[in-house]
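# Fold and contact review
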Amino acid sequence: MSEAVREVPKKERPQFRNIHVTELSNYRLPLAGVVSILHRISGFLMFALLPVVLYLLEKSLLSEISFEHFKGIASHWFTKLVILALCWAYFQHFCAGVRHLIMDTHVGLDKDSARKSAATVLVISLALTALVALKLFGVF
């Protein structure tokens, strides 16, 4: 090898490190990433609370007395918030799942379309949750 080739300094390669917990507030995730994380969170929330919901359903179907008991529990404001959270999880998970199915057909994979579809998922899931909240809290 010649002297000229040996003397050329090597460029330093950029270092890519994992994000530390303390750096999360400085990291700006794209909207599609937010929807993807919310898809995972909503799926876990529904999965984790499914045994509780099924248990309450079973107990409410035992008799009219137990149904009236759970009806009284469901009228409490905190219980309504938990129900609303489950409704949001379902709507978010469903809408994001439809988005992923459409993207599996190679439609809307470019950056602009992905941003628009992510925003659409958020708007639709929040609008449906707002409608359920209005019905749940007795507005109509």
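See the structure printed just above.
In this report, we go over the structure that sits alongside the text. Just so you know, these numbers come straight off a predicted model, no measurement behind them.

If you look at the biggest cluster of nonpolar residues, it comprises 6 residues: Val 35, Cys 95, Ala 96, Ala 118, Val 121 and Leu 122. With 3 residues, helix H5 (residues 111–136) is the single largest residue contributor to this core. Not counting residues up to four positions away in its chain, the partners in contact with Cys 95 are Val 121, Ile 124 and Ser 125.

Of note, His 39 is situated in helix H2 (residues 31–60). With residues up to four places along the chain from it excluded, the contact list for His 39 reads Gln 92, His 93, Ala 96, Gly 97 and His 100.

Turning our eyes to something else, we now look at unusual backbone geometry. The phi torsion at His 106 lies on the positive side, around 65 degrees, for a residue other than glycine. Note that His 106 resides in the loop between helix H4 (77–104) and H5.

Now for the packing of aromatic side chains. Taken as a whole and assessed by the stated rule, the structure comprises 3 aromatic pairs. Taking the centre distance of 6.0 Å and the plane angle of 85 degrees together, the rings of Trp 77 and Phe 78 count as edge-to-face. Residue class for Phe 78 comes out partly exposed when judged on its relative accessible area of 48%. Of the aromatic side chains, those joined through ring pairs into one cluster are Tyr 90, Phe 91 and Phe 94.

We now examine the state of the cysteines. Enumeration according to the criterion identifies 0 disulfides in this entry. This cysteine, Cys 87, is not joined by any disulfide, and Cys 95 carries the nearest cysteine sulfur, 13 Å off. Its relative accessible area of 22% is what places Cys 87 among the partly exposed residues. Residue Cys 95 is classed as buried on the basis of its relative accessible area, which comes to 13%.

For the rest of this paragraph, the subject is the side chain of Thr 129. Its location among the elements puts Thr 129 in helix H5. Within polar-contact distance, the side chain of Thr 129 engages the backbone oxygen of Ser 125 at 2.7 Å. Beyond its immediate stretch of four places on either side in the chain, Thr 129 contacts Leu 84, Trp 88 and Phe 91.

Thresholds, definitions, all that
Residues numbered from 1 in each chain as written. Predicted model: local features only at pLDDT ≥ 70, side-chain atom pairs only at ≥ 80, totals over all residues. Heavy atoms only, no water. Core = buried A, V, L, I, M, F, W, Y, C linked by side-chain atoms within 4.5 Å. Buried < 20%, exposed > 50% of the residue type's maximum accessible area, 1.4 Å probe, protein only. Helix = DSSP H or I, 4+ residues; strand = E, 2+ residues; numbered from the N terminus. Contact = heavy atoms within 4.5 Å. Phe/Tyr/Trp six-rings, centres within 6.5 Å; stacked < 30°, edge-to-face > 60°. Disulfide = S-S within 2.5 Å. Polar contact = N/O pair within 3.5 Å; in protein donor to acceptor, adjacent residues only side chain to side chain.

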